[in-house]
Number of protein chains: 2
Amino acid sequence: MKQSTLFGRTLREAPAEAQTPGHRLMLRAAIARPLAAGLYTWLPLGFRVAEKVEQIVREEQNRIGAQEMEMPVLTPAEPWKETGRWESLEPITFRTADHNGREFMVSYTHEEFVHLHAKQEIQSYRQLPAIVYHFQSKGRDEARPRAGLLRVREFVMKDAYTFDADQAGLEKSYEAEHGAYARTFARMGLDAISVESDTGAMGGDVAHEFQVLTEVGEDRIAICTNCDYRANLEKATRKIATQRSPDAIPAPTPVATPGATSIEALEKALGLPASAFLKTLLLRTKDGVVAVVLPGDREANEPKLRKLLDVPSIQFAKDSDFAAVGGVAGFVGPVGLRNARVLMDVSLEPRGYVAGANKQDTHLRDVVPGRDFGGERVDVHDVREGDACPRCGGRLEIKRGVEVGNIFAYGTYYSTKLDATFLAEDGTRRPFVGGSYGIGIGRSVQTIIETHHDERGIIWPPSVAPFHVHLIALPSSDPDVRAKSEALVAALEREHVEVLYDDRDESAGVKFADADLIGIPLRVTVSKRTLKEDKVELKPRARADAELLPQGDAAGRIAAIVRGWPDLPEMGNR
Amino acid sequence: MKQSTLFGRTLREAPAEAQTPGHRLMLRAAIARPLAAGLYTWLPLGFRVAEKVEQIVREEQNRIGAQEMEMPVLTPAEPWKETGRWESLEPITFRTADHNGREFMVSYTHEEFVHLHAKQEIQSYRQLPAIVYHFQSKGRDEARPRAGLLRVREFVMKDAYTFDADQAGLEKSYEAEHGAYARTFARMGLDAISVESDTGAMGGDVAHEFQVLTEVGEDRIAICTNCDYRANLEKATRKIATQRSPDAIPAPTPVATPGATSIEALEKALGLPASAFLKTLLLRTKDGVVAVVLPGDREANEPKLRKLLDVPSIQFAKDSDFAAVGGVAGFVGPVGLRNARVLMDVSLEPRGYVAGANKQDTHLRDVVPGRDFGGERVDVHDVREGDACPRCGGRLEIKRGVEVGNIFAYGTYYSTKLDATFLAEDGTRRPFVGGSYGIGIGRSVQTIIETHHDERGIIWPPSVAPFHVHLIALPSSDPDVRAKSEALVAALEREHVEVLYDDRDESAGVKFADADLIGIPLRVTVSKRTLKEDKVELKPRARADAELLPQGDAAGRIAAIVRGWPDLPEMGNR
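Residues numbered from 1 in each chain as written. Chains lettered and ligands numbered in written order. Predicted model: local features only at pLDDT ≥ 70, side-chain atom pairs only at ≥ 80, totals over all residues. Heavy atoms only, no water.

Some details on the overall build of chain A
Phase 1: The number of helices and strands found in chain A is 15 helices and 30 strands.
Phase 2: With respect to the principal axes defined by its C-alpha atoms, chain A has extents near 95 × 65 × 50 Å.
Phase 3: Within chain A, buried positions represent 57% of all 574 residues.
Phase 4: Of the contacts formed within chain A by residues at least 6 apart in sequence, a portion of 69% connects residues at least 24 apart.
Phase 5: Distance between charge centroids for chain A: 2 Å, based on 74 positive and 84 negative side chains. (Helix = DSSP H or I, 4+ residues; strand = E, 2+ residues; numbered from the N terminus. Buried < 20%, exposed > 50% of the residue type's maximum accessible area, 1.4 Å probe, protein only. Contact = heavy atoms within 4.5 Å. Lys, Arg positive; Asp, Glu negative; His and termini not counted. Charge placed at Lys NZ, Arg CZ, Asp CG, Glu CD.)

As for the interface of chain B and chain A
Phase 1: Taken together, the contact pairs 65 residues of chain B with 65 residues of chain A.
Phase 2: Counting each side, the surface lost to burial between chain B and chain A is near 6100 Å², with a carbon and sulfur contribution of 56%.
Phase 3: When the buried area of chain B at its contact with chain A is split by residue, B:Phe7, B:Leu35 and B:Glu121 rank highest and sum to 12% of it.
Phase 4: In this structure, the connection of chain B to chain A is made through four salt bridges. (Buried area = accessible area lost by both parts, 1.4 Å probe. Salt bridge = Lys/Arg side-chain N within 4 Å of Asp/Glu carboxyl O.)

Considerations on the sheet that holds strand β26 (residues 469-474) of chain A
Residue and element names in this part refer to chain A.
Phase 1: Pairing is mixed in the open sheet, where five strands are placed in the order β27-β26-β28-β29-β30. Of all strands in the sheet, those bounded by a partner on one side alone are β27 (499-502) and β30 (547-550). Adjacent strand axes in the sheet meet at a mean angle of 25°, parallel and antiparallel pairs treated alike.
Phase 2: Taken together, the six bridges between β26 and strand β28 (residues 522-527) define a ladder with parallel strand orientation. Counted as the bridge partner of Leu474 is Ser527 from β28.
Phase 3: Set on the sheet, helix α12 (residues 479-494) makes contact with β26, β27, β28 and β29 (535-540); between it and β26 the angle comes to about 165°.
Phase 4: Set on the sheet, helix α13 (residues 508-518) makes contact with β26, β27 and β28; between it and β26 the angle comes to about 175°. (Pairing = 2+ DSSP bridges. Axes fitted to C-alpha atoms, helices over the stretch in contact; angles between N-to-C directions.)

A short note on helix α11 (residues 441-451) of chain A
Phase 1: A large share of α11(A) lies buried, amounting to nine of its 11 residues.
Phase 2: All of the buried residues along α11(A) are A:Ile441, A:Gly442, A:Ser444, A:Val445, A:Gln446, A:Thr447, A:Ile448, A:Ile449 and A:Glu450.

Re the packing of aromatic side chains
Phase 1: Tallied over the full model, the rule gives 22 aromatic pairs over all chains.
Phase 2: An angle of 75° between the planes, with centres 5.9 Å apart, marks the rings of A:Phe104 and B:Phe94 as edge-to-face. With A:Phe104 in strand β6 (residues 103-106) and B:Phe94 in the loop between α4 (85-88) and β5 (95-97), this residue pair bridges two chains.
Phase 3: For the ring pair B:Tyr133 and B:Phe135, a centre distance of 6.0 Å and an interplane angle of 80° mean the geometry is edge-to-face.
Phase 4: On the accessibility criterion, B:Phe135 (8% relative accessible area) is buried. (Phe/Tyr/Trp six-rings, centres within 6.5 Å; stacked < 30°, edge-to-face > 60°.)

Okay, structure coming up:
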């Protein structure tokens, strides 16, 4: 392809709002352009990358026997209502209606619909296991789209769905997808680790995310420095040493704490560390007020709380709620609360704490959890750096990551709700046992950029590079340079090497800067200088040094390098 | 692929609501399934066909230098408002809004957005011409989805857009796309003819549709039996012999026509043919009442009227409109109307007609157009079988067709509205001169079925068949048959032959019936009987006769047949 007519203009500077290195380079290299906040167009260069990422995903899905299909973007409301997700997904989805008032969701995911298909197409256990998948646009009404393609409002997702006859089958299918994901990300140059994760809106208990560790990520991951425990903080737990029950701790006594309504103020007022205090959060739910009690040095983990309370978002108590349970804002504590459901975080130790007295400007000393107040023992705290691994007791580190894929084993969560059954070997009808498996294409592409660049531009892994070779004619106005360049382009293309040919009337400086920015693996320069020696220059983007190749050999030598790259997707005629 | 685990069940009978042969076969052969009225899922077999159709489209677009990209499904309202299409497309589109109230359209087409991109990416005439395209889901709120994939509410369209510096450039680009379309449809086995068409919602003056003539089509096409004139009835005109001006026709006189409020009733009442009468339609528009006058034997053509009046839909006059212009319902006529815009169809001859008298139970004889009433001369009638070709005067035939593609040369219609300009060679800024070019993938697939089947099932053209070979093991329970079948499948796949392998535990009758229904070009049977002679049976779907191939040769012979098929799309690794 000739660069002079390429639809997509490189930019010297990224727009000021670009937030991460990958976001800046994605815009500067004309990979994608925003049409509106969180809505992006793939320009031709970026489209080629996205297609290669997609093809790698496809090949690895096909390898495990998955069948490609395609479900629509607009999905009718009724099945969503049967599973209860029409309501629960409302805050994050786009809806529409036809002119007769019939409602549709811009697809968020397709569990409901693939189950309806399975019900119709799969009659007997003999057709199981089955894995189907599609690439389809998803809509997410993100309040805050961010960092280019990392968090958007529309994106293409590969979502796969497995159907099995029983739990053992599901575990096998889940393992097969887990393996496919590991190969998929490795082939596209992403160092993705599998971490335990919350199941969120998907239902079920078992879920993993594939995370690429990078500072630009939104997710926080707990990683054991000793064993292979890895979990999203939304799900991560820690080992808590069992402690002796308290004895000889005096009964609670009041202490005056005028104006000290935060842990920080209490630390200053009483000269004690944060861990000496109890933190009591009052929440409102449709079933009444919930008090969450944690040590003063621990943060509540919102996803854990949401899951525990089975609510889409956390709502803090209002004045009327404080009044109803006898709490005093700023001085609330678990002792003396009435009519509240009390959640005692497992981090609480059997020792004395300073807690709010539910009285203005007053706290209580020597409040012992379990002795002076009771409640349900729950895990709702954030794990933090240095905590003990729940599996081996080793030291946990916390890193940032971008979630590029997720997999869920939800079992019969959807099939029972939708009455999606098959004829089992014993003649009974049984619900399908299933899982779903997602990969975001755009997020993968930008994550590759986030982790493969230098100060001058992108450095594409060969498997997903928009072209294999960036061929630069210098100057393209010179008839001999032009003729030799075009002959080399033709020779390379005959060998199935993909070439972006810079035939523009631009300076060497501009052309080399663009080549570094766009980041195609091999730069080949045909110039008056090199032709004088009957040579062309070859420089890999990832290396500092160039070499001169004899002109006659160049196409063969370069094609051999390209053929030597492992795991290239087979794209057909594109 | 093994048929035992294929996701997609063939049906002995089509659902009763299936309306056309292609609709019935598409459902029976598990090509696609409805999720709701007009919303379809491609099952794996159908997906393979759709992908091949898409790849043929892609290869022919790439051949003329078009660049693939991808714009989103959700499109922000503002650019639609700038071109006026937010309002005009309202009746036929789906809209949504985010939780802040910002509005989006589920994309209907992408002229607005590709112009915004062109404005940003193309700076100079040196980058022109440019052609870009994408495959993207479109939403259409069709009041009456019909005939399976022929008229749906969501479908993937390939839409291409050309940008040129001037009209001459546009004509060249239009011609290039016209040629690409001809090759595209021919390669997928469709005998599509190019016909002149209305520009509808697209703007501009020049447009063509590619129509496949079949009785199941919704469109009516006028075709000259003498020259190459072909036009959709929405656009078709005819040659009208010039006629002598009237003389010696007496002045209009009333005739009593009690209760005769239709042309049919008048024919009966006065014993005259329909052509003796005038038909006067009163319409309401925002600029007042419009009277359309045609000969009594001609139908008004709604698309022509819509275009002339520049309205999205035709609205008939209400009682108050009749009163305002002095018309009497059932007896309305052009003579004596006040304050109405009168449109005189070009079919009107300069002779006496019987017309409504705008008086209850009364008509007028000897009403001469031009003498007794005036108005604008317009072409708003339906051309019909036997009319004279506007180009050569030959006889026009009317046939039904399915529109599988359309192309529009709208020029600067969008670029002026959106201020999308480039730097011209003379240093001025000029608006892009453009066109757009659509192909519906699903409609193409079903049209292929409509025109390629027999009473037993589909007969796929090889270029778009879901597989090349349907290999049938008989019985698959026999170990030798199974082993030899699997060896042959493996040998064929090594030769890049795509095989659907019927390994199911079913009777020969069921398997052969399914093979005929699914319609893969080559059926290969491996049975105890054929193996006794060390042979396998080969039967093309399109032919009645089978032949026996020596087992050892079979893979090579079959692969040679497949390699001999012209114009197969290069699919890569699918």
